[in-house]
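Topology and contacts: notes
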Amino acid sequence: MKKKAEITHPEKIYWPDEHITKGELIEYYRNIAPYILPYMKNRPLSLRRQPNGIKDEGFFQKDASDSVPEWIKTFEILAESTGKMVNYHVVNDVESLLYIANLGCIEMNPWNSTINKLENPDWVVMDIDPSDKNTFDDVIDVALTIKQILDEMGIEGFCKTSGASGMHVYIPFGKKYDYDQARDFAEMLAQLVTERLPKITTLERSLSKRKKNQIYVDYLQNRIGQTLACAYSARPKPGATVSTPLEWSEVQHGLSPKDFTIKNIFDRLDKKGDLFKGVLGKGINLNKALQKLSVPAQD
DNA sequence: GTGTGGA
DNA sequence: TCCACACAACGCTCA
DNA sequence: TGAGCG
């Protein structure tokens, strides 16, 4: 059985403004594989496919078709709402990654948990999702406020650009808690953020009810089956941006998510390495963290 | 992006 | 043989 | 039950 992704239509234009081709996307994933695979390994994958490039709205795909090659790993999960089994792709190696990319999947969206422990996420994620009236400096302020709260709890968080207009802050959970606990923790964090930044943040999910210049702090991404763009995933956005892990010292006004692209990220990785490693670490002690928050330090 | 079915 | 066409999500939340 | 949302 040969493990070899066949690449079709490499000359097809995916980013017309930049004249970036499908072949260049495939090359990006071939080179980024050592960095991105740890965050995709053994996770069910939601595919967002845009086989006609980023100007096309594309479609989501969860169920691997019957025609999936036998060397591609898949994993069946019951979809509660339909009662049907969904056979998810699982990408554990570079050839599988290239197979998925060749389907026109620009953006990789893995679950927050792995197939051997589906109910227990590896991390909590805070999704900072600005309106188009916010500046990226607003997004930075929200990320720094989350960082401040995490500092007060004595726990470490990891920040990345989403590659689009927002940022993601990950907190390692080490498969020690379930999705309900992850969600409750994220909701509490989001609540604290809106208390500290009431002018620019909201927990209101409905777009029509949100004030125009408010950032939605989305804690509901911490549910089974929910996905976000993976660290090091390309995004179907102008400039061919990449969701890029950051040092906290870089998270300051003036930073732009457009600075990190499939063309230039490798220079950065050569210098800084994988800043997201800790996300897969042993995970926080939830009780300890919550105690620190409710009992202010005495001195 | 691919598999199909009818012209 | 060619091409038009079908098909490729889920789950929560709120009204 | 259905529309909205990510």
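Refer to the preceding data block for the structure.
Report on the accompanying structure. (Residues numbered from 1 in each chain as written. Chains lettered and ligands numbered in written order. Predicted model: local features only at pLDDT ≥ 70, side-chain atom pairs only at ≥ 80, totals over all residues. Heavy atoms only, no water.)

1. Some points on the pairing of strand E10 (residues 167-172)
- For E10, the tally of buried residues reaches 6 of 6 residues, placing the bulk of the element in the interior.
- Residues Met167, Val169 and Ile171 point to one face of E10 and His168, Tyr170 and Pro172 to the other, with burial holding for every one of them.
- Relative to E10, strand E8 (residues 123-129) runs antiparallel, the two being bridged by 6 bridges. Bridging from a neighbouring strand, Met126 pairs with Val169 of E10.
- Here 4 bridges tie strand E9 (residues 158-161) to E10, and the two strands are oriented antiparallel to one another. For Lys160, the partnering residue across the bridge sits in E10 and is His168. (Buried < 20%, exposed > 50% of the residue type's maximum accessible area, 1.4 Å probe, protein only. Helix = DSSP H or I, 4+ residues; strand = E, 2+ residues; numbered from the N terminus. Pairing = 2+ DSSP bridges.)

2. Focus: the pattern of salt bridges
- Taken as a whole, this structure holds 14 salt bridges when the rule is applied.
- Put simply, Asp17 and Lys55 hold a salt bridge, and the shortest N to O gap is 3.3 Å. Pair noted here: Asp17 is in the loop between strand E1 (13-15) and strand E2 (20-21) and Lys55 is in the loop between strand E3 (44-49) and strand E4 (59-61), with a separation of 38 residues, a long-range link.
- By relative accessible area, Asp17 is classed as exposed at 55%.
- Of the residues examined, Lys55 reaches a relative accessible area of 58% and is grouped as exposed.
- A salt bridge links Arg48 to Glu107, with the shortest nitrogen-to-oxygen separation between them at 3.3 Å. Here Arg48 is found in strand E3, whereas its partner Glu107 is found in strand E7 (residues 105-110), with 59 residues between them in sequence.
- Overall, the relative accessible area of 4% leaves Glu107 in the buried class.
- Where salt bridges share partners, they join Arg43, Asp122 and Lys175 into one cluster. (Salt bridge = Lys/Arg side-chain N within 4 Å of Asp/Glu carboxyl O.)

3. Focus on a negative patch on the surface
- Taken together, the side chains of Glu119, Asp178, Asp180 and Asp184 present a region of like negative charge at the surface.
- Secondary-structure assignment places Asp180 in helix H4 (residues 179-196). (Patch = residues over 30% accessible without salt bridge, like charges linked within 9 Å, V, L, I, M, F, W, Y side chains within 5 Å. Areas by Shrake-Rupley, 256 points an atom, 1.4 Å probe, with all protein chains shown as cover. Lys, Arg positive; Asp, Glu negative; His and termini not counted. Charge placed at Lys NZ, Arg CZ, Asp CG, Glu CD.)

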